[in-house]
Number of protein chains: 2
Amino acid sequence: MHPIVTVGSVAFDSVKTPFGEASRVVGGAATYFSVAASFFTDVRLVAVVGDDFTEEEMRVFAGRRIDLAGLQRVPGETFRWKGEYGFDLSTRETTYTRLNVFDRFRPVLPDPYRSTPFVFLANIHPALQAEVLTQVDGPRFVAADTMNYWIDGTPEELRAVLRRIDALLINDEEARQLAGESNLVKAARAIQRMGPRLLVIKRGEHGVLMTRDQGFFAVPAMPLDTVIDPTGAGDTFAGGFMGYLASAREITDAVFTRATIAGSALASLAVEDFGLDGLLGASPKVLNQRFAAFKRLTHFEAL
Amino acid sequence: MHPIVTVGSVAFDSVKTPFGEASRVVGGAATYFSVAASFFTDVRLVAVVGDDFTEEEMRVFAGRRIDLAGLQRVPGETFRWKGEYGFDLSTRETTYTRLNVFDRFRPVLPDPYRSTPFVFLANIHPALQAEVLTQVDGPRFVAADTMNYWIDGTPEELRAVLRRIDALLINDEEARQLAGESNLVKAARAIQRMGPRLLVIKRGEHGVLMTRDQGFFAVPAMPLDTVIDPTGAGDTFAGGFMGYLASAREITDAVFTRATIAGSALASLAVEDFGLDGLLGASPKVLNQRFAAFKRLTHFEAL
């Protein structure tokens with residue numbers, strides 16, 4: 001079992017879905033990632049919050065394997081995001097994004113973090129992702145997320161990051177955009193030529209598609225009768241995926257495959273409640289039951 | 001192994017995709033269904049063509065286990081459809097639909113067809129689907145397809161059919177519309193209460209979701225680097241699904257599950273070429289290889 005260092009946003013989210021609203025709940029990509037990954041291993045969180053982030057709110061990290069030495073606390077307001085989901089939760093509109101203290105964030109890894117073997121660069125400016133990579137010494141496995149905003153806006157910086165990572169975790173639309181190719185198989189191959197040997201394509205309610213040396217692996221999303229809030233599902237997936245990898249004795253294709261299930265299981269728990277509540281309320285027993293449910297959902301005997 | 005009787009359209013399709021065009025190729029729901037199902041069992045085709053349907057064109061059915069005694073040939077033109085697909089093949093626009101001889105089509109089952117134990121009612125007017133059901137004696141398993149046009153336009157007739165069938169095969173949008181429910185799990189349960197104990201939801205490039213007594217089964221679509229023409233993929237899936245069921249000794253949940261793979265495998269072959277060419281060119285060996293590819297795509301060891 002190895003620790004993971006992650007860098008990304010910690011935020012206050014306000015979310016409206018057809019099932020209700022949640023205001024100023026703790027969110028952010030690095031938050032979802034850390035909580036999810038901490039089910040499997042020790043997580044070192046590098047992020048920034050403002051002085052409006054209370055001790056009470058800090059308790060989402062408490063009692064978990066999350067080290068906060070890299071969490072900067074600076075004067076000003078914490079990153080805030082507000083969004084609203086459409087009736088089938090497959091579309092959302094951002095009401096506002098206020099970077100606040102995140103605008104001047106420069107990730108600084110505490111010395112003990114520099115030898116962390118597993119690294120996850122959440123969706124932030126690729127120049128910041130690169131800064132993190134210069135601060136870690138020979139990591140064993142580096143994964144990153146990104147989004148259309150950086151694919152369009154900072155293509156050179158993004159390409160530089162892609163050359164230095166082992167895995168890229170993005171959604172299908174981003175994969176098509178990054179590769180400039182509508183066929184997802186061809187897009188995946190094109191992205192692998194940019195650097196990452198592993199590509200994990202997140203498809204929301206349609207599950208996950210992952211490259212492997214011997215061919216794709218695909219897992220559908222768990223059909224759920226209660227989906228309350230999809231916010232953070234992708235980051236939760238990434239946390240479960242990386243957490244499982246880091247907890248494995250060695251990294252094989254079979255481990256990548258099971259890591260995909262681990263991420264999918266945690267993501268399916270996360271969306272069943274607002275904000276982090278679905279994750280925070282999940283016990284290891286519930287998680288194991290969800291693993292088993294994925295096996296039942298997808299298993300068939302060869303014809 | 002049992003025979004299947006199917007009723008639906010035989011048509012001339014003209015298709016334009018980003019990869020080329022095909023003009024006046026033999027298509028239609030009942031055609032795709034019959035060719036696919038004939039990989040597994042004997043198929044009895046009830047449909048109508050005009051006198052413009054040549055002997056040459058009839059050869060798509062030749063050398064297969066497809067009985068044509070129920071294929072009416074009447075004066076006039078065969079059903080014609082023309083459509084054009086968008087750049088990622090997930091959207092299409094119908095240029096025209098000319099029912100022609102199909103407009104006055106009344107399905108008539110030849111006497112020997114009346115005892116056929118497996119029945120597939122392709123996507124036609126639910127009143128015609130009901131007419132077919134009155135002509136079969138105590139079928140063992142009846143499945144049907146339908147579409148938004150009938151869900152909106154002839155809801156009463158459709159409800160009457162739903163009460164008489166064992167399985168409904170529709171796409172996810174249609175399932176949501178039929179149930180008036182955006183959550184697919186709840187929609188599935190609502191549709192089951194309308195009659196069919198089995199619901200198979202076709203999700204195009206995202207695969208298939210099926211109800212079972214002990215919970216859902218889901219299979220992703222095969223990631224393909226060459227998708228030329230998705231026309232008929234859903235009907236091909238239905239043919240593989242029903243053909244596999246009809247060829248099984250008994251119908252169990254495990255058989256339903258494998259039937260879903262059989263349908264998915266044939267559909268994945270169908271879309272790799274224009275019109276029926278992908279199916280017509282597929283050997284049993286190629287089909288078996290595709291089955292195995294689905295197992296590799298989805299298999300994982302329990303965590």
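One can find the structure itself at the top, above this paragraph.
What counts and what doesn't
Residues numbered from 1 in each chain as written. Chains lettered and ligands numbered in written order. Predicted model: local features only at pLDDT ≥ 70, side-chain atom pairs only at ≥ 80, totals over all residues. Helix = DSSP H or I, 4+ residues; strand = E, 2+ residues; numbered from the N terminus. Rg over C-alpha atoms; globule rule 2.2 N^0.38 Å. Buried ≥ 20, exposed ≤ 12 C-beta atoms within 10 Å, placed from the backbone. Contact = placed C-beta atoms within 7 Å. Pairing = 2+ DSSP bridges. Axes fitted to C-alpha atoms, helices over the stretch in contact; angles between N-to-C directions. Least-squares fit on C-alpha atoms with pLDDT ≥ 70 in both. Arc of directions from axis to C-beta. Left-handed = near helix turned anticlockwise from the far one by under 90°. Nonpolar A, V, L, I, M, F, W, Y, C, P; charged D, E, K, R; others polar. Core = buried A, V, L, I, M, F, W, Y, C linked by C-beta atoms within 7 Å.

K.L.:
Looking at this model, I keep getting lost on the overall build of chain A. Mind explaining?
P.N.:
In terms of regular secondary structure, chain A is built from 11 helices and 14 strands. In terms of overall dimensions, chain A is globule-like: its C-alpha atoms have a radius of gyration of 18 Å, near the 19 Å expected for 303 residues. When burial is assessed residue by residue, chain A has 51% of its 303 residues classed as buried. Here the analysis covers contacts within chain A between residues at least 6 apart in sequence; of these, 66% occur between residues at least 24 apart.

K.L.:
Would you mind going over the sheet that holds strand β7 (residues 79-85) of chain A with me for this structure?
P.N.:
Backbone-to-backbone hydrogen bonds join strands into a sheet, with any given pair of strands oriented parallel or antiparallel. Residues and elements named next belong to chain A. With respect to topology, four strands assemble into an open sheet ordered β3-β2-β7-β8, the strand pairing being mixed. The open sheet has two edge strands with one neighbour each: β3 (20-27) and β8 (92-98). Adjacent strand axes in the sheet meet at a mean angle of 15° when their direction is disregarded. Judged from the six bridges that link them, strand β2 (residues 11-17) and β7 form a sheet pairing that is parallel.

K.L.:
Looking at this structure, how should I read the pairing of strand β2 (residues 11-17) of chain B?
P.N.:
Strand residues, when the strand is regular, have side chains that alternate between the two faces of the sheet. Residue and element names in this part refer to chain B. Here β2 lies mainly inside the structure; six of its seven residues are buried. Two strands pair when backbone bridges link them, and β2 and strand β3 (residues 20-27) are joined in this way by six bridges, in the antiparallel orientation. The partner of A11 across the bridge, within β3, is G27. Where β2 folds back onto β3 in an antiparallel hairpin, the turn is made up of two residues. In this sheet, strand β7 (residues 80-85) lies alongside β2 in parallel orientation, the contact comprising five bridges. Within β7, the position partnered with S14 by the bridge is K82.

K.L.:
Looking at this model, I keep getting lost on the relation of the copies chain B and chain A. Mind explaining?
P.N.:
Here the two chain copies are tied together by a rotation about an axis and a shift along that axis. With an axial shift of 0.0 Å and an RMSD of 0.0 Å, the rotation relating chain B to chain A amounts to 180°. Interpreted geometrically, this transformation is the action of a two-fold axis. When the interface residues of chain B are mapped onto chain A, 100% of them again fall at the interface, so both copies present the same face.

K.L.:
Can you walk me through the sheet that holds β3(B) in this structure?
P.N.:
Residues and elements named next belong to chain B. What the four strands build is an open sheet, ordered β3-β2-β7-β8; its pairing is mixed. Each edge of the open sheet is held by one strand with a lone partner, namely β3 and β8 (92-98). Across the sheet, the mean angle separating the axes of adjacent strands is 15° when strand polarity is ignored.

K.L.:
How should helix α7 (residues 184-193) of chain A be read in this particular structure?
P.N.:
For an α-helix, the turn length of 3.6 residues means that residues three or four places apart are oriented alike. Residue and element names in this part refer to chain A. Within the span of α7, buried status applies to L184, A187, A188 and I191. Projected down its long axis, α7 shows its buried positions confined to an angular sector of 100°, all on one face. Among the structural elements, β11 (167-171), α6 (172-179), β12 (198-202) and β13 (208-210) are those in contact with the buried residues of α7. Two residues or fewer past α7, G195 is found with a positive phi of approximately 150°.

K.L.:
Please explain the packing of helix α9 (residues 253-270) of chain B against helix α11 (residues 284-298) of chain B as it appears in this structure.
P.N.:
The relative placement of two packed helices comes down to the angle between their axes together with the axis-to-axis distance. Residue and element names in this part refer to chain B. Interhelical geometry of α9 versus α11 gives an angle of 115° and a closest axis separation of 9 Å. In this structure, α9 crosses over α11, and the sense of that crossing is right-handed. For the pair formed by α9 and α11, the contact residues are I261, S264, A265, L266, S268 and L269 on the first element and V286, L287, R290, F291 and F294 on the second. Here the residues of the contact of α9 with α11 are counted per class, giving eight nonpolar, two polar and one charged.

K.L.:
I tried to follow the nonpolar core on my own but got confused; where do I start?
P.N.:
Taken as a class, soluble globular proteins show a tendency for nonpolar side chains to be buried jointly. Counting residues in each nonpolar core, the largest one holds 202 residues, and the members touching the most others are M242(A), L266(A), M242(B) and L266(B). Excluding residues that lie within four positions of it along the chain, M242(A) makes contacts with I4(A), A37(A), F118(A), F120(A) and A143(A).

K.L.:
Would you mind going over the environment of S14(A) with me for this structure?
P.N.:
Residue and element names in this part refer to chain A. The residue S14 is located in strand β2 in this model. Between the C-alpha atom of S14 and that of D152, which follows or precedes it by 138 residues, the distance is 27 Å. Non-local contacts of S14, meaning those with residues more than four positions away in its chain, are made with A22, S23, R24 and K82.

On their own, these measurements won't tell you what the molecule is for.
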